[in-house]
Structure formats: C-alpha cells, structure tokens
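Spelled out from the first residue to the last, the chains are:
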Amino acid sequence: MLPHLRLIWQEHKHRRLVEPFCGGLAIAIGLVPDRALLNDINIHAINFYRWLQKGMVISQKTYNEEAFYYRSRELFNNLIVSGKEKSQEAAALFYYLNRTGYNGLCRFNRQGHFNVPFGRYKTINYVDNFLSYKRIIEGWQFVSQDFETIKLETNDFIYADPPYDVQFTQYAKEDFRWQDQVRLAQWLMRYPGPVVLSNQATPRIVALYQELGFQLQFLDAPRMISCTGNRTKAREVLAVKGI
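The structure presented is a predicted model; accordingly, all values stated were derived computationally and were not measured.

**Student:** Give me the lowdown on the overall build of the protein chain, citing residues and values where you can.
**Tutor:** A count of helical and extended segments in the protein chain gives eight helices and seven strands. Its C-alpha radius of gyration of 18 Å places the protein chain within 12% of the 18 Å reference for a compact globule of 243 residues. Counting only C-alpha atoms and orienting by the principal axes, one finds that the protein chain spans roughly 50 × 35 × 30 Å. Burial analysis of the protein chain (243 residues in total) assigns 49% to the buried set. A fraction of 71% describes how many contacts in the protein chain between residues 6 or more apart in sequence connect residues 24 or more apart. Carbon and sulfur atoms provide 50% of the accessible area of the protein chain, an area that totals close to 12,500 Å².

Encoded structure:
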C-alpha cells in the first residue's frame, strides 16, 4: 500500500497521521510523519513499540529451535498471567515469537494467550539492537484501545487498515467481526477530514463503502490471505474520502 499512500500523503504531510490499526508499523515508518497517533488493539505490539521508543536492546539469546520456542511461548504467556505484559522482557519475547512462529502469524486465544505453533524457517536473521528506530518514532504517540475511543483532531489524516474481511480475525484476544467492519466504516464516514481505508475487496466491503460515498480504487495487493500456507494474493480495495 505504501507507494499508493505516499502519493496521497504528499498533499497532507502537515497533518497528524492517525492509524486505528497500526499493525506492523510499515506505513508510519514508510511515511515518517512529524506527528502520529498510532493505535492497535494488540497491547503486546504497542508495548513493543513503546520499548523501541526508549531504545531497546535485547540481551536474551534467541534460537530458531522448537523446544526453545515453546519454552519462550510459555514464559511469555506466564508474563501475561502475572500482569507483566508491559515489561521489556515481554516486548523482547513478543518480537522473538513473531519472528519464529508459523507463517508469520500473530494469534491469541480468548484467554489472551499467544498460541501460534513453531515455524519452519531454515534461517532467521534476528535483530537485538533497535536503537536506530528510536530517532524515527520517539515523537509518536502509541495507544491501545477501541478505534471509536481515539481522540481525533480536526487536522488529522486517517489511514485505516483493519483486519481483512475473512474468517480468521483474532490477531488479539478481542476478535474483529463484521459488525466491527460496519462500525468502522460509519466512524470513518463521520470524520470530516481526509480518510483512506484498505481492505480485501470482498463484495460486502465494496458495497459498504460505496453506499457510504467513498471513492474506490482496486489493487492487486502484495499481501497473502491464508494462514495455511496458501500464498494466493488478495484483491484489495482502497476507499478514499476528503482527499
């Protein structure tokens, strides 16, 4: 999405970038806004980014090895149970589990426990020094809450990239269902400033944003839609208003 968003962003660089679903942070780092409010319902991703702002260096050893992975996953889930999910240790383990787990998945069960199985990567280039990110993101604000509770300003530029309209949506303990897709579309429609949304171009997503008056553009997205190893590319829709 970044090449398409860069073209739009050029006219709005004076605004604050707001991402209700900042995910892997690729868009914010690609656009490098002066001001950003970056939200994600996954509290562990936000905790990781907050530690990056402090200049995180990981001292723990990491191994692409199955038994070590499951011990690390158990330790991470124990930190969650004991209320230490905001610690630097939890942030480091979250990074390791995401780099090592199956097919790049980030998945939690209803108890809030990370449950992705071990991956099958021959080699993994782990990073232990994240100091280079500190300068880029130290002025940004990170929050973890429902998107409707985000405090917007009149000068904001919203880029929304919610979970795809597909069967699997449980990237955090809280699921994201069709009623949340509708709620998001209506929330974006009510905001008077510039808005860009991307999602899989399912018939009901296309109909939803057409009915709300968004301008639609269709793209062959680079992203994959399956957690089973199927690497079929998804057709994506870019819904725009106020640009």
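**Student:** Before we move on, could you go through helix α8 (residues 203-211) and cite the residues and values that matter?
**Tutor:** Turning to α8, its buried residues number three or more, namely I205, V206, L208 and Y209. In a view along the axis of α8, the buried residues occupy a sector of 160°, so they form one face of it. Of the exposed residues in α8, the ones pointing more than 90 degrees away from its buried face are P203 and E211. Positive backbone phi, at 90°, marks G213, one or two positions downstream of α8.

**Student:** Before we move on, can you summarise helix α1 (residues 2-9) with the specific residues and values?
**Tutor:** Here α1 has its buried residues at L5, I8 and W9. Buried residues of α1, viewed axially, fall in a sector of 95°; they line one side. Opposite the packed face of α1, turned more than 90 degrees from it, sit the exposed residues P3 and L7. If you follow the buried residues of α1, they end up packed against β1 (16-19), α2 (26-31), β4 (156-160) and β5 (195-200).

**Student:** Quick one: what's the story with the packing of aromatic side chains, residue by residue and with numbers?
**Tutor:** Applying the stated criterion across every chain, the model contains 21 aromatic pairs. Note on F21 and F176: the rings are 5.5 Å apart at their centroids and 85° apart in plane angle, and the pair reads as edge-to-face. In this pair, F21 is assigned in the loop between β1 and α2 and F176 in the loop between β4 and α7 (178-190), connecting sequence segments 155 residues apart. Exposure class is identical for F21 and F176. Each is buried. Between Y96 and Y126, the ring centres sit 5.8 Å apart and the planes meet at 35°, which makes this aromatic pair tilted. Linking Y96 in helix α5 (residues 88-100) with Y126 in the loop between α5 and α6 (131-137), this pair joins segments that are 30 residues apart in sequence. A relative accessible area of 1% means that Y96 is categorised as buried. A relative accessible area of 22% places Y126 in the partly exposed class. One aromatic cluster in this structure is built from Y63, F68, Y69, Y70, Y96, F118 and Y126.

Parameters at a glance
- Residues numbered from 1 in each chain as written.
- Predicted model: local features only at pLDDT ≥ 70, side-chain atom pairs only at ≥ 80, totals over all residues.
- Heavy atoms only, no water.
- Helix = DSSP H or I, 4+ residues; strand = E, 2+ residues; numbered from the N terminus.
- Rg over C-alpha atoms; globule rule 2.2 N^0.38 Å.
- Buried < 20%, exposed > 50% of the residue type's maximum accessible area, 1.4 Å probe, protein only.
- Contact = heavy atoms within 4.5 Å.
- Areas by Shrake-Rupley, 256 points an atom, 1.4 Å probe, with all protein chains shown as cover.
- Arc of directions from axis to C-beta.
- Phe/Tyr/Trp six-rings, centres within 6.5 Å; stacked < 30°, edge-to-face > 60°.

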